[in-house]
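# Commentary on secondary and tertiary structure
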Amino acid sequence: MSAFNAIGQNREVDQNEFTPEIEPQATWCPGCGDFGVLKALKGAAAELGLDPEEILLVTGIGCSGKLSSYFESYGFHSIHGRSLPLARGAKLANPKLTVIAAGGDGDGYGIGGNHFMHTARENHDMTYIVFNNEIFGLTKGQTSPTSPKGHKSKTQLEGSAKDPLRPLSMSLSAGASYVARTAAVNPNQAKEIIVEAIQHDGFSHVDFLTQCPTWNKDAKQYVPYVDIQQSEEYDFDITDRREAGEAMYETESALYEGKVLTGRYYKDENRKDYQTEKLDRGSMPEQPIAEQYFDEDHEWKRSHDLLDAHK
Amino acid sequence: MSGNELIWRIAGGSGDGIDSTSQNFTKALLRAGLHVFTHRHYPSRIRGGHTYVEVRARDQPVKSRGDGYNVLLSLGDSFARNPQEEAYYGDEETKPLTENLDELREGGIIIYDSGLLDEDDLSADFEERAEANDWHVYPVDLRAIAKEHGREVMRNTAGVGITAGILGLDLSYFEDLMRESMPDEIFEPNLAVLEDAHEQVAEMDHDHDIELPENEHENEQVLLSGSNAIAYGALDEGCRFIAGYPMTPWTEVFTLMNKHLPKFGGVAEQVEDEIAAAALAIGASHAGAKAMSGSSGGGFALMSEPLGLAEMTETPLVLIEAARAGLSTGMPTKPEQGDLEHVLYTSQGDSNRVVFAPANVEEAYTQTRKAFEIAYGYHIPAIVLYDQKLSGELRNVDAEFFDEEPNPDLGATLTEDEIAEAAHHASGKFQRFKHNVEDGVSPRSIPGQKGGRFLASGNEHTPEGHISEDPKNRVAQMNRRLQKMEAIRDDLDANSSHQTYYGDEDATYGIMTYGSQQGTVEEAVDRLRANGHDVKMLGVSDLMPYPETDVRSFLESVDECLVVEMNTTEQFRGLTQKELGEFGPKLSSLLKYNGNPFEPAEVVEGFEATIDDTEFERETARFQPAAGD
Ligand SMILES: Cc1ncc(C[n+]2csc(CCOP(=O)(O)OP(=O)(O)O)c2C)c(N)n1
Ligand code: SF4
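Computed from a prediction, not measured in an experiment: that's the story for all the values here. (Residues numbered from 1 in each chain as written. Chains lettered and ligands numbered in written order. Predicted model: local features only at pLDDT ≥ 70, side-chain atom pairs only at ≥ 80, totals over all residues. Heavy atoms only, no water.)

## Section: the confidence of the model for chain B
When the pLDDT values of chain B are averaged, the result is 92; 95% of them are 70 or greater. In the predicted complex, the global pTM is 0.96; the interface-specific ipTM is 0.98. (pLDDT = per-residue confidence, 0-100.)

See below:
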């Protein structure tokens, strides 16, 4: 018998299994885009037949970080910007877990930017959802890395002099093997993309456009969006880095001109995930570390075997 | 002085192979039956720059470096020369010889490479000093011997051959060691160099009074550094995950774990920074691995945020802090005990953690194991604080000492069957952070287990893990977390107090120290007692929870106590006064912070100055009188 029986059941799961007793209304404002992420995630997890107990959802700090409170699974509500390194450690300790990390644009692209870059580079097999509302929500409306140039806030009184960050292009160049953008206003696409992201073997980055009606009243997310896969205007090969890069560039520019483009941008199925790379090099055990402690037959080496070198 | 002993110093440029040569020399002495101890001194530079290693050998266990040394092998700094033109740069080349002379004892031996260093290059007073101190000087063209059999880099081997010849140490030890560590094509020419050098000794006149001590080991010995011992302690305690970022001297533990973990079924990760390193370890621990991370002062500063997270989420975590001289980047390759308060108190809120400070190689092993046991048993971070001194020094220990069973127990963790039956599961929800349990420890589940799901949050949370600002819940959770510290104190008191008493139980005077300075103080106590002083020592190795009972009874039993530590602000003395709330007027401090650890003689002098109320004259160390003096 395995020590982790919640993993790999593949049974029929009802969305409601992912609903804890606690209500999101507790902290999220009415009309907040974060509800859209929660809904999409529940739908995706149910569609995949995942047991709530085989998922580890790691979040950062921000309104977005509360996702782990409102989604029933094993959760870790960590610290600002650090969800990814936490998730990486957990995945390496038990690769059988379905690991999902989530946080805001400030959390993931600002304070956690370094971790974002390196997690994409290493191509860990996990899904990373960034609630991109172009604002710091929880700290009451400061300019975020994705706020448009000229954005005025209490910390940018004369308007931001900075160009917004390009998260899709960033993760592509850093090495993410699945990159997509979706929006809370497009629930069906959002669910499908999260399903794909979880299924994908490698680092999946989903930039999830959410609205913050409380602090970001003029957010683009209200305007009609275009699904690039549905539109004939945008025809590119999502397995081609260069074409994907161009499509991202256009998308990221268009957003600030009032045009919201969403969809799949890049998918590399040939690139091995990090754990497989390590396995191939002999620097990762076949048996997950976490299982070893529950396995009575596991042979525990000891340092005494190494002492010859010290005589 | 201290009986029959050899203290051999090999000096040269960093990158000249000083480290590996001295390690082999130490092993040869160990195989010859002696007790050994090494002291490393090196600059923060990859190539060139003055570096030396001292190897002290005696017929009884060695706990510390000595005062000065009696044999110098000066290799010259080959990196001070331009390899193409073989031009010498200034006096860099003479430094390995001249810079080491102050500490060479009377009657000592000097071997230097006359192939690199002309007699004319030596300053005029060298000869005078040699005569005045009765030094026995042997210029040998080590370079020529090495070149004759291939390459100049074998100067080291030539130097070892000469030293062995002069001291009458059997060449076969070196031959064996070289054979074990070198491929044939390198071994053969090195052996030729070794033998050639040895033959030259036969033709030399040498008269000196230094004799190699004699001893035979009863049990098999191994030669280990503090960093070796920490890595081995972690492996034996079932640690199978490490994440880190290089920083001297923590790098030594980190690279050792990188080397061994894959073979042991574990994972080692070098990551983007220290915040990530500690966060990865927390993630791995949460997911059911015994995990560690660590750093040195600057990197540990970055870890204060994840450290607090581990405390709040009650995720077991072991961190290693290998201190070096601060502030900021300080002196990267020099030891200091200036990070104590940083390690004890860093992080926001009423944080609680466990801190151990091993005194020597054996304690580095046992306390690392204890750190895991406590961290996983009580769901609290445990930190092993040591320093650059203990990190790099080699010492012989009975191999038997490490003949221990591994411990793969995850501590207070439930199996799925236990979760199903757990009382705190009765509510239908797994109460990961339940309030009222005896020692504050609420057993955990691991992601992937049936029935155990919960949220770990760095925000204050309810027993189920939901974020909560309810005042009653807050107080209950705070109290429960704090309650663990008391339970740990009792546990340590009852099972594994690491404090060391040394000297005469009834002595009127005390010396107190912690961590890596303990061996030096023990040697100082021996000398003080031989000088007729009525003195004993307490070496403290458990820092938090502070061993109140042990320290209080020690301090009550003495009239005055000197606290010896390597920093300027009396951090350990301050901790003692804070924790015990008294004894201020009894405690004075002997402080050293010039980048070098204490020598026994400094402690002896410092102590004598304290009790005789005389001037304390060392320019390297400072005396801070008792409060209220
Ligand atoms: C180290 C640290 N710095 C700052 C904060 C304060 N803080 C909390 S949330 C937040 C910004 C959140 O913005 P974002 O990630 O965009 O998430 P949102 O609230 O918009 O969902 C900040 C700066 C913190 N908790 N920790
Ligand atoms: S502040 Fe903005 S992001 Fe936060 S809950 Fe309210 S609407 Fe959502």
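Next comes the rest of the description.
## Some points on the environment of Pro358(B)
All names here are of chain B. Its place among the elements puts Pro-358 in the loop between strand E14 (354–356) and helix H14 (361–378). Pro-358 sits in the buried class, given a relative accessible area of 0%. Pro-358 sits 28 residues away from Tyr-386 along the chain, and the two C-alpha atoms are 6.4 Å apart. Other than its neighbours up to four places away in sequence, Pro-358 contacts Glu-363, Ala-364, Gln-367, Val-384, Leu-385, Tyr-386, Leu-390, Gly-515 and Ser-516. (Helix = DSSP H or I, 4+ residues; strand = E, 2+ residues; numbered from the N terminus. Buried < 20%, exposed > 50% of the residue type's maximum accessible area, 1.4 Å probe, protein only. Contact = heavy atoms within 4.5 Å.)

## Here's the deal with helix H17 (residues 471–495) of chain B
All names here are of chain B. With 25 residues, H17 should reach 36 Å at 1.5 Å per residue; the first-to-last C-alpha distance of 36 Å fits that figure. Among all positions in H17, only Asn-473, Gln-477, Met-478, Arg-480, Arg-481, Lys-484, Met-485, Ala-487, Ile-488, Arg-489, Asp-491 and Leu-492 are buried. Buried-residue contacts for H17 involve helix H12 (304–313), E14, H14, strand E21 (542–544) and helix H19 (548–556). (Expected span 1.5 Å × (residues − 1).)

## Brief notes about the site of ligand 1
Taken together, 17 residues form the shell around ligand 1, and within it Cys63(A), Gly106(A), Asp107(A), Gly137(A) and Leu138(A) come nearest. Site remark: ligand 1 is flanked by residues from chains A and B. At 3.0 Å from an oxygen atom of ligand 1 is found a main-chain nitrogen or oxygen belonging to Ile135(A). Measuring from an oxygen atom of ligand 1, one finds a backbone N or O atom of Leu138(A) at 2.9 Å. Sorting the residues of the shell around ligand 1 by element identifies helix H4 (105–111) and strand E5 (135–136) of chain A as the ones contributing at least two each. Top element by residues in the shell around ligand 1 is H4(A). It accounts for 4 residues. For the shell around ligand 1, the class distribution of residues is 6 nonpolar, 8 polar and 3 charged. (Near = heavy atom within 4 Å. Polar contact = N/O pair within 3.5 Å; in protein donor to acceptor, adjacent residues only side chain to side chain. Nonpolar A, V, L, I, M, F, W, Y, C, P; charged D, E, K, R; others polar.)

## Brief notes about the sheet that holds strand E24 (residues 621–624) of chain B
Strand pairing within a sheet occurs via backbone hydrogen bonds; the two strands may be parallel or antiparallel. Residue and element names in this part refer to chain B. On the basis of which strands lie adjacent, the open sheet formed by 6 strands has the order E18-E20-E19-E22-E23-E24 and mixed pairing. Each edge of the open sheet carries a strand with a single partner, namely strand E18 (500–503) and E24. Within the sheet, the average angular offset between the axes of one strand and its neighbour, ignoring direction, is 20°. Pairing geometry for strand E19 (residues 509–514) and strand E22 (residues 560–565), over 5 bridges, is parallel. Within E22, the residue paired with Gly-510 across the bridge is Cys-561. Along the sheet, helix H18 (residues 518–530) makes contact with E18, E19, strand E20 (535–540) and E22, crossing E20 at roughly 175°. (Pairing = 2+ DSSP bridges. Axes fitted to C-alpha atoms, helices over the stretch in contact; angles between N-to-C directions.)

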